[in-house]
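# Geometric and topological summary
Listed below, chain by chain, are the residues.
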Amino acid sequence: MEETRRQWIKTMAERMVCEIARNMSGVHLATAVTQDLKGNKQLAGVYAQVGGDYTFQVQFLAEENLFVRLAKNLMGDDLTPEDVQDYAVEFFNTLCGRFVSEIINETHIKARLLSIRYELPPLKEEILEETVAFTSEMNEYAVFAWASLPV
């Protein structure tokens, strides 16, 4: 992938993740300088496959407490684990919808979200080509990653 497009996608992803988390639930994320913040943290994850003219994967991993806060800020304190998972998927669906739309507009490919799944820890570590790390105002770790995007 050409370097300018790769940088554009990364910058767009950084901005979009922070904006959507803040607008949907009031959670403030900031990009992290390093991805070594993960340490021994237990991460939950939401994953999607994107299909169409070009197939690629997208994932959002975060400490479970971040997903709980996302849901609480929208729905209140009476949450079940299913509510947290449902809201994590809703958040991810919004994020990926915007992410994929921006890529479609830039590359003029046809694409759509296929399967979306939520997984609790321990996660199978999937190495994706591009990764952006975040920390929240409560020092929670998250990462947005994607692989095999069109040039």
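Owing to the predicted nature of the structure, the values given are computational and were not obtained by experimental measurement.

To continue, consider the sheet that holds strand β3 (residues 56-63). The strand order across the open sheet formed by 6 strands is β1-β5-β6-β3-β2-β4, and the pairing between neighbours is antiparallel. Of all strands in the sheet, those with a lone pairing partner are β1 (29-31) and β4 (111-119), marking the two edges. Averaged over neighbouring strand pairs, the angle between their axes works out to 20° when direction is ignored. Pairing of strand β2 (residues 43-52) with β3 involves 8 bridges; the strand directions are antiparallel. Bridging across to β3, Gly 45 finds its partner in Leu 61. Contacts between helix α1 (residues 3-25) and the sheet are confined to β1, β3, β5 (130-136) and β6 (141-147), with β5 contributing the most and set at about 30° to the helix.

A positive phi angle, near 65°, is found at His 108, a position not held by glycine. Judged by relative accessible area, His 108 falls into the exposed class, the value being 65%. Within the chain, Asn 139 stands out as a residue other than glycine whose phi angle is a positive 65°. Secondary-structure assignment places Asn 139 in the loop between β5 and β6.

In a regular helix each residue adds 1.5 Å, so 27 residues correspond to 39 Å; helix α3 (residues 81-107) covers 38 Å between its end C-alpha atoms and thus fits that length. Among the residues of α3, those classed as buried are Val 84, Tyr 87, Ala 88, Phe 91, Phe 92, Leu 95, Cys 96, Phe 99, Val 100, Ile 103 and Thr 107. Of the surrounding elements, those touching the buried residues of α3 are α1, β2, β3, α2 (64-75), β4 and β6. His 108 sits one or two positions beyond α3 and adopts a positive phi of about 65°.

Procedures and definitions
- Residues numbered from 1 in each chain as written.
- Predicted model: local features only at pLDDT ≥ 70, side-chain atom pairs only at ≥ 80, totals over all residues.
- Heavy atoms only, no water.
- Pairing = 2+ DSSP bridges.
- Helix = DSSP H or I, 4+ residues; strand = E, 2+ residues; numbered from the N terminus.
- Axes fitted to C-alpha atoms, helices over the stretch in contact; angles between N-to-C directions.
- Contact = heavy atoms within 4.5 Å.
- Buried < 20%, exposed > 50% of the residue type's maximum accessible area, 1.4 Å probe, protein only.
- Expected span 1.5 Å × (residues − 1).

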